[in-house]
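Coordinates in review
Here are the chains, one letter per residue:
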Amino acid sequence: SRPIDQHLKGFRALGADVDIMHGAIVAKADELHGSHIFLDVVSVGATINIMMAASLAPGRTILENAAREPHVVDVANFLNSMGANIKVEGNSAIIDGVKKLTGARVSAPDLRAGAALVIAGLAADGITVVDDIVYIQRGYENFEDKLRSLGAEIERVSNEKEIQKFRLRVG
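Everything in this summary refers to the structure shown in the same document. (Residues numbered from 1 in each chain as written. Predicted model: local features only at pLDDT ≥ 70, side-chain atom pairs only at ≥ 80, totals over all residues. Heavy atoms only, no water.)

Attention shifts here to the nonpolar core. Ranked by size, the top nonpolar core spans 41 residues in total, and within it Met51, Val75, Leu79 and Met82 carry the most contacts. Taken together, the elements giving at least two residues each to this core come down to helix 2 (44-55), helix 3 (70-81), strand 6 (92-96), helix 4 (111-123) and helix 6 (143-149). Among the elements that line this core, the one with the most residues is helix 2, at 8 residues. Sequence-distant contacts of Leu79, that is, excluding residues within four places in its chain, are made with Met51, Met52, Ser55, Ala84, Ile86, Leu101 and Ala120. (Core = buried A, V, L, I, M, F, W, Y, C linked by side-chain atoms within 4.5 Å. Buried < 20%, exposed > 50% of the residue type's maximum accessible area, 1.4 Å probe, protein only. Helix = DSSP H or I, 4+ residues; strand = E, 2+ residues; numbered from the N terminus. Contact = heavy atoms within 4.5 Å.)

Spelled out as structure tokens, the structure:
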């Protein structure tokens, strides 16, 4: 069990109302906004989650004491390929919110980064393809079923033909 206080701190700083109800975390916001956030402890997961949320939040977010692991940089680069505006400098990330993200294609070799890339793809316009998901498959049981239960349009495919079928199905 890992603490999630830094995640919640970041979401609240971006303007979300965050409550814990019956063991579930409920975060809501009519609109997020940029903010200056200092993480009390370095957290890969919190850094990635805050970067993703701030990518679509109007204004500038400065995230200090951010994690600097290679997969954090990979997620920032992926989000940038989708239209985000993220700069990772030292132990800070500067995120200028954009109006929308677009689909992209990426390989995801790391468990947490791979899951983050899938979630970022779900927030984007268009279709996102995440390749090399072996770590996601091993690390998260029924991952796509859980996302589907939340309303995600997601499909596990094994070749280009299946990708094209998915594109036709979801339009």
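This part takes up the sheet that holds strand 5 (residues 85-89). Spatially, 4 strands are ordered 3-4-6-5 in an open sheet, and the strand pairing comes out mixed. Looking at strand neighbours, the two that pair on one side only are strand 3 (36-38) and strand 5, the edges of this open sheet. Ignoring which end each strand starts from, the neighbouring axes of this sheet average 15° apart. Strand direction decides the pairing type here: strand 4 (residues 60-64) and strand 6, joined by 5 bridges, are antiparallel. Looking at strand 6, one finds that Arg60 is bridged to Asp96. (Pairing = 2+ DSSP bridges. Axes fitted to C-alpha atoms, helices over the stretch in contact; angles between N-to-C directions.)

Following the sequence through the fold, Ser55 ends up in helix 2. Looking at Ser55, the relative accessible area reads 0%, which means it is buried. Of the polar contacts made by the side chain of Ser55, one reaches the backbone oxygen of Met51; its length is 2.7 Å. Dropping the residues within four chain positions of it, Ser55 is found in contact with Leu79, Ala84, Ile86, Ile95, Asp96, Gly97 and Val98. (Polar contact = N/O pair within 3.5 Å; in protein donor to acceptor, adjacent residues only side chain to side chain.)

Here we come to the layout of surface pockets. Taken as a whole, the largest pocket holds about 990 Å³ of empty space. Residue lining of the largest pocket: 31 residues in total, with Asn49, Met52, Ala115, Ala116 and Ile119 positioned closest to the centre. Elements represented by at least two residues in the lining of the largest pocket include exactly helix 1 (5-13), helix 2, helix 4 and helix 6. Per-element accounting of the lining of the largest pocket gives the leading share, 7 residues, to helix 4. A per-class count over the lining of the largest pocket returns 22 nonpolar, 5 polar and 4 charged. (1 Å grid on protein atoms, 1.4 Å probe; cavity = no way out; pocket = protein on both sides within 12 Å on 5 of 7 lines; lining within 4 Å. Points joined across faces, edges and corners; volume = space filled by probe spheres on them. Nonpolar A, V, L, I, M, F, W, Y, C, P; charged D, E, K, R; others polar.)

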